[in-house]
Amino acid sequence: MNGVIFLKSEEIRKNISHNLVKYRNASGLTQSAIAQKINYTDKSVSKWERGDGTPDIFVLSSLAEFYGVKVDDFLSDGSEAPLPQKPLLQKKKHLLINLLSVGLVWLVAVTLFFLLNLILGLLHADCSRNAVVFIFAIPVSGIVQTVFSELWWSKLSTLIAVSIIIWGCVACAFIMFISFDLNFVGRDKIFLISAVLQVLAILWFFLRKIKQKAKAESIE
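Here is what the cut-offs are and how they apply
- Residues numbered from 1 in each chain as written.
- Predicted model: local features only at pLDDT ≥ 70, side-chain atom pairs only at ≥ 80, totals over all residues.
- Heavy atoms only, no water.
- Axes fitted to C-alpha atoms, helices over the stretch in contact; angles between N-to-C directions.
- Helix = DSSP H or I, 4+ residues; strand = E, 2+ residues; numbered from the N terminus.
- Parallel < 35°, antiparallel > 145°, perpendicular 65-115°, else oblique.
- Left-handed = near helix turned anticlockwise from the far one by under 90°.
- Contact = heavy atoms within 4.5 Å.
- pLDDT = per-residue confidence, 0-100.
- Buried < 20%, exposed > 50% of the residue type's maximum accessible area, 1.4 Å probe, protein only.

Thoughts on the packing of helix α2 (residues 31-38) against helix α4 (residues 57-67)
Reasoning step 1: At a closest axis distance of 10 Å, the pairing of α2 and α4 adopts a crossing angle of 110°. It follows that α2 is roughly perpendicular to α4 by the angle criterion. Along this stretch, α2 crosses α4, giving a crossing that reads as right-handed. Seen from α2, the contacting residues are Ile34, Lys37 and Ile38; seen from α4, they are Val59, Ser62, Leu63, Phe66 and Tyr67.

Structure, rendered in structure tokens:
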């Protein structure tokens, strides 16, 4: 019984290594390029392709999404496994979805701006502060970008998106203080909060990089 399980395990490992090489070659990418994509080292990718080890399900899931195939396709013997989608096309698709989502945020902001101008104009009210909706669109855009950065882009992209949220939120608070004439002591120093949060975000970024490197080294 153990021998049968061992043989099946070896067969699965062989299939995975074969398909990893097949998909990478079909995509025209190097081991280093793939390693950078999944935040591992090229030594790890080389080990998996030789069959000396097997990537975990999270890595296989990331690679399946990158190649445009299913996780099960890595386990097949290769006879019916589909060729991967071109990574460049997949990247363009992700970029288009990302841009459309952020653009939707600004479309809503523009729509609100014109609606407020229309309504307040009919009421003969002051419309000078309506542009504040564009300030509020900044942190919302940062939130949307953070989601897509975590899904598809690098951790540096996530750091930039989080920074946009931090500075955008504080800018919104500052604008609200001005709009409601909240002139309290130290109002102008609210941006110090952004500076502190920015430092924490940078430290968080480097901590994630260190953890990734430690994880990659632990499987080598």
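Past the structure itself, the notes keep going.
Quick look at the environment of Leu75
Reasoning step 1: With respect to the element layout, Leu75 can be found in the loop between α4 and α5 (87-122).
Reasoning step 2: Between the C-alpha atom of Leu75 and that of Asn19, which follows or precedes it by 56 residues, the distance is 7.9 Å.
Reasoning step 3: Those residues in contact with Leu75, other than ones at most four positions away along the chain, are Ile12, Asn15, Ile16 and Asn19.

Quick notes on the confidence of the model for the protein
Reasoning step 1: Across the protein, the average pLDDT comes to 82, with 84% of residues at or above 70.
Reasoning step 2: For the protein, per-element mean pLDDT is lowest for helix α1 (residues 2-27), which scores 73, and highest for helix α6 (residues 132-152), which scores 92.

Structural notes on the environment of Ile97
Reasoning step 1: The residue Ile97 is located in helix α5 in this model.
Reasoning step 2: On the basis of relative accessibility, which here comes to 33%, the residue Ile97 falls in the partly exposed class.
Reasoning step 3: Residues Ile97 and Phe148 lie 51 residues apart in sequence; the distance between their C-alpha atoms is 9.0 Å.
Reasoning step 4: Every residue in contact with Ile97, bar those within four places of it in the chain, is listed here: Phe148 and Trp152.

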